[in-house]
Amino acid sequence: MLRVVPYLTVALLVGPILAGIAGAFLPAFGWMPTLGGSSLTLEHWAHLFQRPGLWTSVWISLASGLITPAVSLAIVFLFLSGSGGTWLDRWLKRAISPLLSIPHAAAAFGLAFLIAPSGLIVRFLSPWLTGWDRPPDLLIVHDPSGLAMMAGLIAKEIPFLLLMSLAALPQIDAPRRLAVARSLGYGPVTAWLKAVAPGLYPLIRLPIYAVIAFASSTVDVALILGPTNPPTLSVAVVRWLNDPDLSLRFVASAGALLQLLVTFSALLTWHLMERLLGFCARAWYTNGRKGHCDRLLAKAGAGGITLAAFAAFAGLAGLAVSSFAGFWRFPDTLPQAITMKHWVRALPNIEGPFVTALLVGLVATSISLILVLAALENEVRSNHPAGRRAMRILYLPLIVPQVAFLFGLLIGLEAVGVRPGFWPVAFGHVLFVLPYVYLSLAEAYRQLDPRWIMAARTLGNTPTRAFWMVRLPMLTTPILTAVAIGLAVSIGQYLPTQLLGAGRVPTITTEAVALATGGDRRVIGVWALVQALVPALGFGLALLLPRLVWRHRRQLREVH
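Residues numbered from 1 in each chain as written. Predicted model: local features only at pLDDT ≥ 70, side-chain atom pairs only at ≥ 80, totals over all residues. Heavy atoms only, no water.

## Here we look at the domain arrangement of the protein chain
Using the following cut-off: An automatic or database domain assignment supplies the residue ranges for each domain. By definition, residues are in contact when any of their heavy atoms lie within 4.5 Å. Buried area is calculated as the accessible area (1.4 Å probe) missing from two parts once they are joined, with the contributions of both summed. Throughout this description, a polar contact denotes any pair of N or O atoms lying within 3.5 Å of each other; where both atoms belong to protein, one of them has to be capable of donating a hydrogen while the other can accept it, and for residues adjacent in sequence the pair is counted only when both atoms sit in side chains.
As assigned here, the protein chain comprises domain 1 (1-40 + 340-559) and domain 2 (41-338). Contact with domain 1, which involves 46 residues of that partner, is made by 51 residues of domain 2. When the two sides are added together, the surface that domain 1 and domain 2 hide from each other amounts to roughly 4200 Å², 74% of it contributed by carbon and sulfur. Considering only the side of domain 1, the residues that lose the most area to domain 2 are Ile399, Val403 and Arg521, jointly responsible for 15% of the buried surface there. On the surface where domain 1 and domain 2 come into contact, there are seven residue pairs in polar contact (both at pLDDT 80 or more).

What follows is the structure in structure tokens.
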């Protein structure tokens, strides 16, 4: 049975994506009999290219897909090269899980509250520095160039790339490489960039590609921080899908395929830049120059990552203050009164979406965890770890833009009689939860000392009994951490919930994003805080439960 699981997992990850792209491909060329499209035509592509502002949308999506990973990766590399062993390094390693657990939408709301013309930063600086006694007439959030959206994405992707880098560093023996380079007289930053970075980059290439795909096609962050007229291409496609004029479904399908081309163009451009930079850097690697900017580069990395962490935590703090604020006149730094009325008004509406989000998350995470445990157990028993091809398949749902295949998948499900609702949404979440559960659990699973299982087998236990009685109890902490990560990923999903549920499966994320156009910061603060607290609660339980369950078994508590 275990041998079937890897094939089942591959089918589960690849099948819906291929079916979804096919489901978008046919309507894009006019074939959708339910809406009267019974012949192939290029008419809808012509309508798409005539949409006002289309190429601006394409350009912003492409720019976001390239600038976001470039800035995030540069900050992560400079931080790792210049701040290793410092108090900031130790603090960030402890804070990285809370940073990762913040959903994209909640982080975007927090950043919007910080940088808005009447936001916390302007209030702290006014009027003593700026002279403003009313909010300045500046378009910061929803700026037409998408800079605020890219800033929000960078703040969220830095912790992700940092975690992937920290997980990959032990595979290349980074301390030894760094020691050899330092013994040749290089400064810490130059030594790290010349000796460690070339070995580390190939190991985190797929996570970087996932960042490119997400940044070029995000919908929730673009709705909260991105430009509105014209919006990014992914947001425009979603608007056409939800338009009462059903003929726009054909244009939306063509737009979904165009989004796929934009993301692949960003990936191809990045790949070519990799080759060009690698060719140009060969001479730099071997020229023997020691470099004189190590301190400046180290400060740039530390400053960038501190700023990202500050934006995330300060934004949430600002949302918390806003959710309890009474009358709050500009430019007062803090509200004149504290009130619970916003929570009292919002909580009755939160209960339903909260329960739905929790149920969807638990179902998606449970399915993902069962498949991942079975696949990893098969790897261990067969002594055949997942290769590069398997990792590429695992990253496939993260690299293919959601908007490019989810609409087609919805059409395919309806064609076989499956109506939008809870189970299609939970099934859609599995596509995005499973890769993260696997990535978070695989290393701990493989590193568990095999002598424990051998000892159990010598006592007469079957492999299955050894799995249940020895391996699972010893991996309690990693498994609970993987569950917390899966739950956090599911809670943050906006587009799969919105499309596969046809708007009839409201969660705290879909409702919070829907409030983005309302402008009531106090209510938005309540919803965004609840959205951020659920994953944080999951991570808290993942840390607490093993300590309670294994309180009399210290060594079991120390297995990570």
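Back to the text.
## Section: the layout of surface pockets
In this approach a probe as big as a water molecule rolls over the atoms, and the regions it shows empty are the leftover space. Our working definition: Whether a set of points on the 1 Å grid over the protein atoms alone is a cavity depends on a 1.4 Å probe fitting there but being unable to get out, while an open set qualifies as a pocket with protein on both sides within 12 Å along at least five of seven lines; lining residues are those with an atom within 4 Å of a point. Grid points are joined across faces, edges and corners, and a volume is the space filled by probe spheres set on the points. Helix numbering and strand numbering both begin at the N terminus, where a helix is a DSSP run of H or I of at least 4 residues and a strand a DSSP run of E of at least 2. As a working rule, the residues Ala, Val, Leu, Ile, Met, Phe, Trp, Tyr, Cys and Pro are called nonpolar, Asp, Glu, Lys and Arg charged, and the rest polar, with Gly in that last group.
Its boundaries defined by the atoms lining it, the second largest pocket holds a volume of some 750 Å³. Lining the second largest pocket are 23 residues, and of these Leu73, Phe77, Tyr201, Leu277 and Tyr285 sit closest to its centre. For the lining of the second largest pocket, the elements supplying multiple residues, two or more each, are helix H3 (54-82), helix H10 (197-200) and helix H14 (248-286). Ranked by residue count, the leading element in the lining of the second largest pocket is H14, at twelve residues. Looking at the lining of the second largest pocket residue by residue, the classes come out as 18 nonpolar, one polar and four charged.

## A closer look at the environment of isoleucine 75
Along the chain, isoleucine 75 falls in helix H3. Remark: the alpha-carbon pair of isoleucine 75 and alanine 298, spanning 223 residues in sequence, is separated by 9.5 Å. With near-sequence residues (within four places) excluded, isoleucine 75 lies in contact with Ile158, Gly301, Gly304 and Ile305.

## Some remarks on the packing of aromatic side chains
We count it as follows: What counts as a ring pair is set by centres within 6.5 Å for rings of Phe, Tyr and Trp (its six-membered ring), and what kind of pair is set by the plane angle: stacked under 30 degrees, edge-to-face over 60, tilted for all other angles. Burial classes follow relative accessibility: with a 1.4 Å probe on protein chains only, a residue under 20% of its type's maximum area counts as buried, one over 50% as exposed, and anything between as partly exposed.
Tallying each qualifying case throughout the model produces 13 aromatic pairs. A ring pair is formed by phenylalanine 324 and tryptophan 343, whose centres lie 5.6 Å apart and whose planes are at 25 degrees; its orientation type is stacked. Remark: tryptophan 343 occurs in helix H16 (residues 341-382) and phenylalanine 324 occurs in the loop between helix H15 (294-323) and H16; sequence separation between them is 19 residues. With relative accessibility at 26%, the residue phenylalanine 324 sits in the partly exposed group. Take tryptophan 343: its relative accessible area is 12%, and that puts it in the buried class. Members of the aromatic cluster, connected to one another through ring pairs, are Phe25, Phe29, Trp45, Phe49 and Trp55.

## Things to note about helix H11 (residues 205-217)
Quick reminder of the rule: A helix is expected to span 1.5 Å multiplied by its residue count minus one.
Its 13 residues give H11 an end-to-end C-alpha distance of 19 Å, which sits within 8% of 18 Å, the value for a rise of 1.5 Å per residue. Most of H11 sits out of view: ten of its 13 residues are buried. When H11 is considered as a whole, its buried residues turn out to be Pro207, Ile208, Tyr209, Ala210, Val211, Ile212, Ala213, Ala215, Ser216 and Ser217. The inward-facing, buried residues of H11 contact H3, helix H7 (147-168), helix H13 (233-241), H14 and helix H17 (388-399).

## Here we look at the UniProt feature "domain: ABC transmembrane type-1" (unreviewed entry) in the protein chain
Selection criterion: UniProt positions are given in the numbering used here, feature names are shortened, and annotations may be inferred rather than shown by experiment.
According to UniProt, the feature "domain: ABC transmembrane type-1" (unreviewed entry) maps to residues 54-269 and 354-545 in the numbering used here. For residues 54-269, helix accounts for 72% and strand for 0%, while the C-alpha atoms at its two ends are 21 Å apart.

## Points about the side chain of aspartate 143
So the rule is basically this: The sign given to each residue is positive for Lys and Arg and negative for Asp and Glu; His and the chain ends receive no count. Whenever a carboxyl oxygen of Asp or Glu lies within 4 Å of a side-chain nitrogen of Lys or Arg, that contact is scored as a salt bridge.
Within the secondary structure, aspartate 143 is located in the loop between helix H6 (120-125) and H7. No salt bridge forms around the buried aspartate 143; measuring N to O, its nearest opposite-charge neighbour arginine 239 is 14 Å away. Dropping the residues within four chain positions of it, aspartate 143 is found in contact with Ala148, Leu225 and Pro227.

## Here's the deal with empty space enclosed by the protein
In this structure the tally under the stated criterion is four cavities of 30 Å³ or more. Within this model, the largest cavity holds a volume of roughly 100 Å³. Taken together, the elements giving at least two residues each to the lining of the largest cavity come down to helix H5 (104-115), H7 and H15. When the residues that make up the lining of the largest cavity are grouped by side-chain class, the tally is ten nonpolar, two polar and one charged. Taken as a whole, the second largest cavity holds about 40 Å³ of empty space.

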